[in-house]
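The chain contents come next:
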Amino acid sequence: MELTDIKKVGVVGAGTMGFGIAINFALWGYPVVMSDLSDEILKQSRKNIKSAMSLFVEEGLIARQQTDDTVSRITMTTDLVEVAANSDFITEAIVERSQDKRELFNKLDKLCSPQTIIVSNTSGLVLSDFASDVGRQDKIAVTHYFAPPHIVPGVEVAKGPGTSEETYNLTYELMKKIKKVPIRVLKEMPGYLLNRIQGAMSREANRLWAEGVASAEDIELGVRSTFGFRMPHEGPLGHYDLAGMWKWPADVRTRSRQSEPGPSAEVTKKLGERWAQGKPWFVDSEKFDEAIEKRDREYIQRLKELYWSQEK
Ligand SMILES: NC(=O)c1ccc[n+]([C@@H]2O[C@H](COP(=O)([O-])OP(=O)(O)OC[C@H]3O[C@@H](n4cnc5c(N)ncnc54)[C@H](O)[C@@H]3O)[C@@H](O)[C@H]2O)c1
């Protein structure tokens, strides 16, 4: 199967995530058939689609004509058979309950053509939790969007134990085609990458608040005005580069810092070996000054936009 063989897509579940996922595909030319349990829910979903698209136009992201085209590409139904019959690629975005997802995946497996790829937008479960009975093990995967899915660019693309390379690569390429930023998750892992990283921060924030180290307001303010401010430019690994930590003496570099509980011995060893190389993850150390200037220009734009140009 080639990317060009994916001509029509389906979305099952038209709630908070489903309507935005449908927009992603319809905006970039795919006819979408979306289903949910009742006409009432679908009516609300269509309203959500229209107001999301109006905001895109108001903000100058797309032209009015693109809105009309996008909306007209999305059809709604309560009949799963219709979704199955009209989709080469289906995204499941129903309630996060493994029994419900299991039933749905098994139904779709029976109803869809053998070629159809079925992916889940589950945020916490993995395919082994609910898709183990599905016949087409090679044609199922996960695309984990972040709310609001029609705006946030990143989407984790994860495999189940039987996902074929072909399905995985097609799903990855399809995300690029609809202008998302696909992120490869290489092993089946509950919470994937990003909910785990986000969860680690939340755990620590909750603990610091509960122990009375800071108020909830100061925790929020602190994160947003410091590393949150930097984050559109650098993640937790890239930060190591731009903060110049790779230039620190090895003993200082490898010392475990304030985090508690500290990393496991295995993680400490692996990171120690990496850090002992004394080189950045991403930045060319010969072009360090250029990278810093690029970063600072971006930061200044954000400083102007978020802090200096208007009262917030
Ligand atoms: N909300 C988020 O921020 C977020 C982020 C990433 C992933 N997710 C995941 O996306 C999925 C959907 O979450 P949501 O927030 O959109 O939930 P939601 O409750 O807003 O929407 C789920 C929709 O699925 C419908 N539904 C339930 N069972 C169905 C079935 N058998 N067939 C058809 N429709 C069915 C419901 O009627 C509802 O409209 C979940 O797996 C969730 O974990 C959510």
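Preceding this section is the structure that the text describes.
Analysis parameters
- Residues numbered from 1 in each chain as written.
- Predicted model: local features only at pLDDT ≥ 70, side-chain atom pairs only at ≥ 80, totals over all residues.
- Helix = DSSP H or I, 4+ residues; strand = E, 2+ residues; numbered from the N terminus.
- Buried ≥ 20, exposed ≤ 12 C-beta atoms within 10 Å, placed from the backbone.
- Contact = placed C-beta atoms within 7 Å.
- Axes fitted to C-alpha atoms, helices over the stretch in contact; angles between N-to-C directions.
- Parallel < 35°, antiparallel > 145°, perpendicular 65-115°, else oblique.
- Left-handed = near helix turned anticlockwise from the far one by under 90°.
- Nonpolar A, V, L, I, M, F, W, Y, C, P; charged D, E, K, R; others polar.
- Near = placed C-beta within 6 Å.
- Core = buried A, V, L, I, M, F, W, Y, C linked by C-beta atoms within 7 Å.

A. Examining the overall build of the chain more closely. When its secondary structure is counted, the chain shows 14 helices and eight strands. On the principal axes, the C-alpha backbone points of the chain span a range of 65 × 45 × 45 Å. When the 312 residues of the chain are sorted by exposure, 29% land in the buried category. Of the contacts made within the chain by residues no fewer than 6 positions apart, 66% connect residues no fewer than 24 positions apart.

B. Representation of the packing of helix α2 (residues 39–58) against helix α3 (residues 64–73) within the structure. For the pair α2 and α3, interaxial distance at closest approach is 9 Å and the crossing angle is 160°. Judged by the angle between their axes, α2 and α3 are roughly antiparallel. Taken as a pair, α2 and α3 cross one another with a handedness that is right-handed. Note on element contacts: α3 touches α2 through R64, T67, T70 and V71, opposite I49, K50, M53, S54, F56 and V57. Its residues assigned to classes, the contact of α2 with α3 comprises five nonpolar, three polar and two charged.

C. Fine view of the site of the ligand. If you check the shell around the ligand, you find 22 residues, and the closest are G13, G15, M17, E96 and A147. Among the residues making up the shell around the ligand, the classes are represented as 11 nonpolar, eight polar and three charged.

D. Main features of the nonpolar core. In this structure, A22, A26, V32, M34, I90 and I118 are the most contacted members of the largest nonpolar core, which totals 51 residues. Element by element, the count of residues in this core is highest for helix α1 (residues 18–27), at seven residues. Those residues in contact with I90, other than ones at most four positions away along the chain, are V9, G10, V12, V83, L108, C112, T116 and I118.

Keep in mind these values describe shape, not function.
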